[in-house]
Amino acid sequence: MALTFHWFLPTQGDGRGIVGGGHGVDVDSAWRDREPTTRYLAQVARAAEQLGFEGVLTPTGAWCEDAWLSTAMLVEATERLKFLVAFRPGLISPTLAAQMAATFQRLSGGRLLLNVVTGGEGAEQRAHGDFLGKEARYARTDEFLQVVRRLWAGDTVDFSGRHLAVEGARLHRLPDPRPPLYFGGSSETALRVAAERVDTYLTWGEPPAAVADKIDRVAALAAKRGRTLEYGIRLHVITRDTSREAWAEAERLLANIDDTTVQTVQSGLSASESEGQRLMRELHGGRRDRLEVYPNLWAGIGLVRGGAGTALVGSHSEVADLIEEYHRRGLTEFVLSGYPHLEEAYWFGEGVLPILRDRGLWSPPGDLPTQAAAVPFVASAGAPAPTSSAN
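Reading the values: the criteria
Sequence order as written defines residue numbering, which begins from 1 separately in each chain. Local features in this predicted model are restricted to residues whose pLDDT is 70 or higher, and side-chain atom pairs enter the listing and the counts only when it is 80 or higher, whereas totals over whole chains, interfaces and linings include all residues. Calculated side-chain values reflect all of the structure's heavy atoms, with hydrogen atoms and water omitted. The term salt bridge refers to a side-chain nitrogen of Lys or Arg lying within 4 Å of a carboxyl oxygen of Asp or Glu. By definition, any uninterrupted DSSP run of H or I lasting at least four residues is a helix, any uninterrupted run of E lasting at least two residues is a strand, and each is numbered from the N terminus. Each residue gets one of three labels from its accessible area relative to the maximum for its type: buried under 20%, exposed over 50%, partly exposed in between, using a 1.4 Å probe on protein chains only. In this analysis an axis means a line fitted to C-alpha atoms, helices contributing only their contacting stretch, and an angle means the value between N-to-C directions, from 0 to 180 degrees. Note on terminology: angles under 35 degrees are roughly parallel, angles over 145 are roughly antiparallel, angles of 65 to 115 are roughly perpendicular, and the others are oblique. Any two residues whose heavy atoms approach within 4.5 Å at even a single point are treated as in contact. Side-chain classes are defined by residue name, with Ala, Val, Leu, Ile, Met, Phe, Trp, Tyr, Cys and Pro counting as nonpolar, Asp, Glu, Lys and Arg as charged, and the others, Gly among them, as polar. By this rule, a helix spans an expected 1.5 Å times one less than how many residues it contains. Grouping buried Ala, Val, Leu, Ile, Met, Phe, Trp, Tyr and Cys residues that are joined through side-chain atoms within 4.5 Å yields what is termed a nonpolar core. Here the rule is simple: two strands pair whenever DSSP picks up at least two bridges between them. In this analysis a 1.4 Å probe is tested at points of a 1 Å grid over the protein atoms alone, and where it fits but cannot get out there is a cavity; an open set with protein on both sides within 12 Å along at least five of seven lines is a pocket; lining residues have an atom within 4 Å of a point. Grid points are joined across faces, edges and corners, and a volume is the space filled by probe spheres set on the points.

The protein chain is annotated in an unreviewed UniProt entry as LLM class flavin-dependent oxidoreductase from Nocardiopsis rhodophaea.

Structural data, given as structure tokens:
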């Protein structure tokens, strides 16, 4: 199966250094010099669209702009690009969420993808008025997705669960097509929800063998339910014309981050309830001298950023090789990002995607031409124009 690539919409801000945020990490704990204005986010979205990315992931959390509103404002700035909108079940009713998704799908011309985020941090959930524990949150997600999927199927839904209840719920207009559901989580409870309810299971960037093991576990659970899933991975990327240039850029990203900042961030992440976050932290152990955890897989991002903490680092061919290795392990979708997101999209789109196209692993989506047209760069307020590295 051909590979699909998504980029990331930096609604927490962007910059030439690692921008923090997520899982208890303050967005201001690391570099941010480009505000997430509509103008700048539209630049990133248009670049991703014309370079050949299928969609863009928009995060959810108190540390970034609202995902629904941000992406809705960018639909008219793009033509084909899909929006992988992250949202949290339980913070709104399943009926309202199903209606919002149907409206987005209809008004965008079928360009909505949904990333279901159960919520791995109790403190952040409580700030939103959600006082359930982790296991109960996953149970509620399961109930939520049951209701939403039935509504999208056109059912009139009466449902009374442990956490959610609706009576006579129905949609007057159904989404067409039904938005695909993406979902991540590394605990056993999360894997069961994925196997039962979603279309694509996403993992953070562990080494290939660990990813393959997780895929096998989800696939086995899904098979018992008579289901098959797609599998994807969330990674950062630093790709350059040569390996030396790529690793120099990785070193530059950490050069201005002192040990105190790393210790502070790691201390906060150690309190995370997320099993995936624990696995990210174990890759580097908070140390700078053990960051290449697999050939061309670098864990340096995770020293100062919550959530996905690893990056593909190397020459364009080396990055393509590692992507191909992940594909052999069962992955078909890649959700990528880089610093800054505008320039790094060009490095990947112009450097790696042509290699994967020539290997028969990727083809431009829709009616995108084989050689993607350039997107003019218009610097947003406070954002320096890119150097020749963006070409």
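Is there a simple way to think about the pattern of salt bridges in this case?
Two side chains that carry opposite charge are able to pair once their charged atoms sit near each other. In this structure the tally under the stated criterion is 22 salt bridges. For R137, the salt bridge goes to E273, with nearest N and O atoms at 2.9 Å. Of this pair, R137 sits in helix α5 (residues 134-152) while E273 sits in the loop between α9 (259-269) and α10 (275-284); the two residues are 136 residues apart in sequence, bridging distant segments of the chain. R137 gets classed as buried once you look at its relative accessible area, which sits at 0%. The class of E273 is partly exposed, set by a relative accessible area of 32%. D199 is the partner of R149 in a salt bridge, and the nearest nitrogen-oxygen pair spans 4.0 Å. Here R149, found in helix α5, pairs with D199, found in the loop between α6 (188-197) and β8 (200-204); they are 50 residues apart in sequence, far enough to count as distant. Among the residues examined, R149 registers a relative accessible area of 25% and is labelled partly exposed. Within this structure, D142, E196, R197 and R225 form a network of salt bridges that share partners.

Teacher, can you tell me more about the packing of helix α1 (residues 38-51) against helix α12 (residues 341-351) here?
For any two helices packed against each other, the geometry is given by the interaxial angle and the distance between the axes. α12 packs onto α1 with a crossing angle of 5° between their chain directions and a minimal axis gap of 9 Å. When the axis of α1 is compared with that of α12, the two are roughly parallel. Across the interface between the two elements, Y40, Q43, V44, A47 and L51 from α1 touch H341, L342, A345, Y346, G349 and E350 from α12. Among the residues making up the contact of α1 with α12, the classes are represented as seven nonpolar, three polar and one charged.

Looking at this structure, I do not really get the environment of A311. What am I missing?
Structurally, the position occupied by A311 is in strand β12 (residues 311-315). Each C-alpha atom of the pair A311 and S337 lies 8.7 Å from the other, and the pair is 26 residues apart in sequence.

Explain helix α7 (residues 208-224) here, please?
In an α-helix, one turn spans 3.6 residues, which is why side chains three or four residues apart end up on the same side. With 17 residues, α7 ought to run about 24 Å at 1.5 Å a step, and its terminal C-alpha atoms sit 24 Å apart, in line with that. All of the buried residues in α7 are P208, V211, A212, K214, I215, V218, L221 and A222. For α7, the secondary structure elements touched by its buried residues are α6, β8, β9 (230-240), α10, β10 (292-294) and α11 (316-328).

Could you clarify how one ought to interpret the nonpolar core in this entry?
Proteins that are soluble and globular tend to have nonpolar side chains buried together. Of all hydrophobic cores here, the largest spans 81 residues; its most connected members are F5, I323, Y326 and F348. Ranked by the residues each element gives to this core, the list is headed by α1, at eight residues. Setting aside residues up to four positions removed in sequence, I323 forms contacts with L3, F5, L312, F334, F348, V352 and L356. Among the nonpolar cores identified, the runner-up in size contains 21 residues, and W247, L253, W298 and L303 belong to it.

Looking at this structure, how should I read the environment of Y294?
Here Y294 shows up in strand β10. With relative accessibility at 26%, the residue Y294 sits in the partly exposed group. If sequence neighbours within four positions are ignored, Y294 has contacts with P207, P208, L322 and E325.

What should I look at first to understand the pairing of strand β6 (residues 165-169) in this one?
Pairing of strand β5 (residues 157-160) with β6, which is carried by three bridges, proceeds in the antiparallel orientation. Directly across from S160, in β6, lies its bridge partner A165. Linking β5 back to β6 in an antiparallel pair, the connection comprises four residues.

Teacher, can you tell me more about the layout of surface pockets here?
Rolling a probe over the atoms, with the probe sized like a water molecule, indicates the empty space that remains. Counted as a void, the largest pocket has a volume near 260 Å³. T60, D66, W68, R88 and L91 are, among the 16 residues lining the largest pocket, the residues nearest its centre. Listing elements by their share of the lining of the largest pocket, those giving two or more residues are α2 (67-72) and β3 (82-87). For the lining of the largest pocket, a count of residues per class yields 10 nonpolar, three polar and three charged. The calculated volume of the second largest pocket comes to roughly 200 Å³. Lining the second largest pocket are T4, H6, E54, K82, L113, P180, Y182, D199, T200, E230 and E333. For the lining of the second largest pocket, the residue count by class is three nonpolar, three polar and five charged.

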